[in-house]
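# Topology and contacts: notes
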Amino acid sequence: MFLDSLFGWLGVDMGIDLGTCNTLVCVRGEGIVLNEPSVVAVRKGTNRVLQNGNAVGVVAKEMLGKSPGSISVIRPLKNGVIADFDITEAMLSYFIRKVTGGNRLVRPRVVIAVPSGITAVEKRAVYNSAERAGARRVYLVQEPMAAGIGAGLPIAEPTASMIVDIGGGTTEVAIMSLADVSVSDSIRVAGDELDDAIINHMKRTYNMHIGPQTAEQIKIEIGSACQLNEELTREVRGRDMISGLPRKTVVTSQEIREALKEPVSQIIEAVTRTLERAEPELAADLVDNGVHLAGGGALLRGLRQVLADATGLEVRIVDDPLSCVARGTSVYLENLSRWKDTMESDEDEA
Ligand code: ADP
Ligand code: MG
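Definitions and limits used
- Residues numbered from 1 in each chain as written.
- Chains lettered and ligands numbered in written order.
- Predicted model: local features only at pLDDT ≥ 70, side-chain atom pairs only at ≥ 80, totals over all residues.
- Heavy atoms only, no water.
- Patch = residues over 30% accessible without salt bridge, like charges linked within 9 Å, V, L, I, M, F, W, Y side chains within 5 Å.
- Areas by Shrake-Rupley, 256 points an atom, 1.4 Å probe, with all protein chains shown as cover.
- Salt bridge = Lys/Arg side-chain N within 4 Å of Asp/Glu carboxyl O.
- Helix = DSSP H or I, 4+ residues; strand = E, 2+ residues; numbered from the N terminus.
- Buried < 20%, exposed > 50% of the residue type's maximum accessible area, 1.4 Å probe, protein only.
- Core = buried A, V, L, I, M, F, W, Y, C linked by side-chain atoms within 4.5 Å.
- Contact = heavy atoms within 4.5 Å.
- Near = heavy atom within 4 Å.
- Polar contact = N/O pair within 3.5 Å; in protein donor to acceptor, adjacent residues only side chain to side chain.
- Phe/Tyr/Trp six-rings, centres within 6.5 Å; stacked < 30°, edge-to-face > 60°.

A contiguous nonpolar surface patch, about 250 Å² in accessible area, is contributed by Leu299, Ile317 and Leu322. For Leu322, the location among the structural elements is in the loop between strand 15 (315–317) and helix 12 (324–334). Owing to a relative accessible area of 43%, Leu322 belongs among the partly exposed residues under this scheme.

Of all hydrophobic cores here, the largest spans 45 residues; its most connected members are Met162, Ile175 and Ile210. Per element, the largest residue contribution to this core is eight residues, and it comes from helix 9 (residues 253–277). In contact with Ile175, other than residues within four places in its own chain, are Ala160, Ser161, Met162, Asp180, Val181, Ser182, Val183, Thr274, Leu275, Ala278, Leu282 and Leu286.

As a structural note, the neighbourhood of ligand 1 is formed by 16 residues, with Thr20, Cys21, Asn22, Glu216 and Lys219 the closest of them. Glu216 is positioned such that a nitrogen or oxygen atom in its side chain is 2.6 Å from an oxygen atom of ligand 1. One nitrogen or oxygen atom from the main chain of Gly297 is found 3.4 Å from an oxygen atom belonging to ligand 1. Contact with the protein chains covers 89% of the free accessible surface of ligand 1, which is 580 Å².

Considering all chains together, one arrives at 16 salt bridges under this definition. Across the pair Arg28 and Asp13 runs a salt bridge whose closest N-O atoms are separated by 3.1 Å. Of the two residues, Arg28 is situated in the loop between strand 2 (22–27) and strand 3 (31–37) and Asp13 in strand 1 (residues 13–18); the sequence distance between them amounts to 15 residues. Note on Arg28: relative accessible area 37%, which makes it partly exposed. Residue classification places Asp13 among the buried residues on the basis of a relative accessible area of 2%. For Lys98, the salt bridge goes to Glu36, with nearest N and O atoms at 2.6 Å. Taken together, the residues span a long stretch of sequence, with Lys98 in helix 4 (residues 85–100) and Glu36 in strand 3 at a distance of 62 residues. Salt bridges linked by common partners bring Asp13, Arg28 and Arg109 together as one network.

What follows covers the packing of aromatic side chains. For the coordinates displayed, the defined rule picks out one aromatic pair. When the centroid spacing of 5.6 Å and the interplanar angle of 65 degrees are considered together, the rings of Tyr94 and Phe95 count as edge-to-face. Note on accessibility: Tyr94 and Phe95 belong to one class, buried.

Encoded structure:
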């Protein structure tokens, strides 16, 4: 009995959605146990994580844009994939420790969802960080596959499933069938670019400087990709670029939509471009199967509609788009012994 539970515990398996904005961790049999921003606070100019390695996630995000000169608050995956290896490792290690309770005897097997465009060097970095963080065995799965599985799509069947996952740093577009990615595209235009477009609009139109967190709030509260039945307004606070003093103003959903137009059209283009590259049989399947939107960006008002108009296909938002990839990794965990030969692992690399 004791040994059983001990081994069950030592054999803990973990699935990780290493996103550019949010990292989610699930444990086999327990579902999602951690959901925190992919953010780390370090002493400026070093890789030393503050608070003895604990200024990660929620704690670090609160410091974002508000840190004094001696502290850098970093999103190590922000600009696409892995911009900063050491800090990504520190972050992954913190999250794994948090889930295992810091018990060094717990050597989990870990399934990590990574963007499909990740390079060999970046893969190596993910393996290394997870191993140094205590993983016994590391498996990588392509993020759009995990998203498809999490959304309950029939990705293993001989029919096409299409996922558009709009995260913070990247939009991943993939058409899959028979448990493999047939065509895919990954662009570095997603939630962050929408926020930047709002920051620029405030500068140009109001001479007002706003921070990334404020821009994100504006996007979530009144942002849209097509006309709304009831247009919205919102008060915005920031710093006047001429007087240098704090002030506030009011913005409308119409002007924010205009500001978001450029990045939104880049996302639409990535989707239509991928459709054009699909094999005709798979394209034909998509007429029935439609397109599935995942990731936080899927929640932008009206985006589903403009994508449906641009493609002529049915476009649906998956259930709980922010946790879809993590739920997919947990399905991989349930089937680890059956599927492990189909996944890339650190063993192949060695
Ligand atoms: P990642 O996988 O890169 O970590 P997520 O799938 O967690 O990204 O999505 C995060 C992005 O989704 C952020 O840019 C965030 O601002 C955006 N987001 C979250 N909720 C909404 C919403 N309701 N409307 C528009 N964007 C949203
Ligand atoms: Mg993601």
